[in-house]
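If you want the building blocks of each chain, they are given just below.
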Amino acid sequence: QCYQWLKEKIISEEGRKQQVKLKDLSPIAERLGCTLPQLAVAWCLRNEGVSSVLLGSSNPEQLIENLGAIQV
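Quick caveat, the model's predicted, so the values are computed rather than measured. (Residues numbered from 1 in each chain as written. Predicted model: local features only at pLDDT ≥ 70, side-chain atom pairs only at ≥ 80, totals over all residues. Heavy atoms only, no water.)

S.K.: So, the UniProt feature "domain: NADP-dependent oxidoreductase" (unreviewed entry) in the protein: which residues are in play, and what are the values?
M.R.: UniProt's entry tags residues 17-70 with the feature "domain: NADP-dependent oxidoreductase" (unreviewed entry), counted in the numbering of this structure. When the span residues 17-70 is considered, its composition is 65% helix and 0% strand, and the gap between its end C-alpha atoms is 29 Å. (UniProt positions renumbered as here; feature names shortened; annotations may be inferred. Helix = DSSP H or I, 4+ residues; strand = E, 2+ residues; numbered from the N terminus.)

S.K.: So, the side chain of N66: which residues are in play, and what are the values?
M.R.: Here N66 lies in helix α4 (residues 60-67). With residues up to four places along the chain from it excluded, the contact list for N66 reads P37, V41, L55 and G56. (Contact = heavy atoms within 4.5 Å.)

S.K.: So what about the packing of helix α1 (residues 4-11) against helix α2 (residues 13-32)? Which residues, and what values?
M.R.: Packing of α1 against α2 brings their axes to within 4 Å, and their N-to-C directions diverge by 70 degrees. By the angle class used here, α1 and α2 are roughly perpendicular. Note on element contacts: α2 touches α1 through E13, G15, R16 and Q19, opposite K9, I10 and I11. Residue classes in the contact of α1 with α2 are distributed as two nonpolar, two polar and three charged. (Axes fitted to C-alpha atoms, helices over the stretch in contact; angles between N-to-C directions. Parallel < 35°, antiparallel > 145°, perpendicular 65-115°, else oblique. Nonpolar A, V, L, I, M, F, W, Y, C, P; charged D, E, K, R; others polar.)

Given below as C-alpha cells:
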C-alpha cells in the first residue's frame, strides 16, 4: 500500500512514455553486452556533469551487477 504512488506514476501517461524509452534502450544495452542497470550506471560514470556515482543495492548480487558498469 505504501507504494501506491509508484504504481500510479508507472501507469500514468508519462510513465508509459518512459517505459517505451526503456524498451528503446534495451537493444543498446544488448549490443554493448550489458544490462539496463549497468548501462544507466555507465552513463552516469561517463557524464561530465556527474562528479560521483552512489550505488545502492539490496543484496550482493545487485551490487556485483552494478559494478559491472565499469566495464561498459
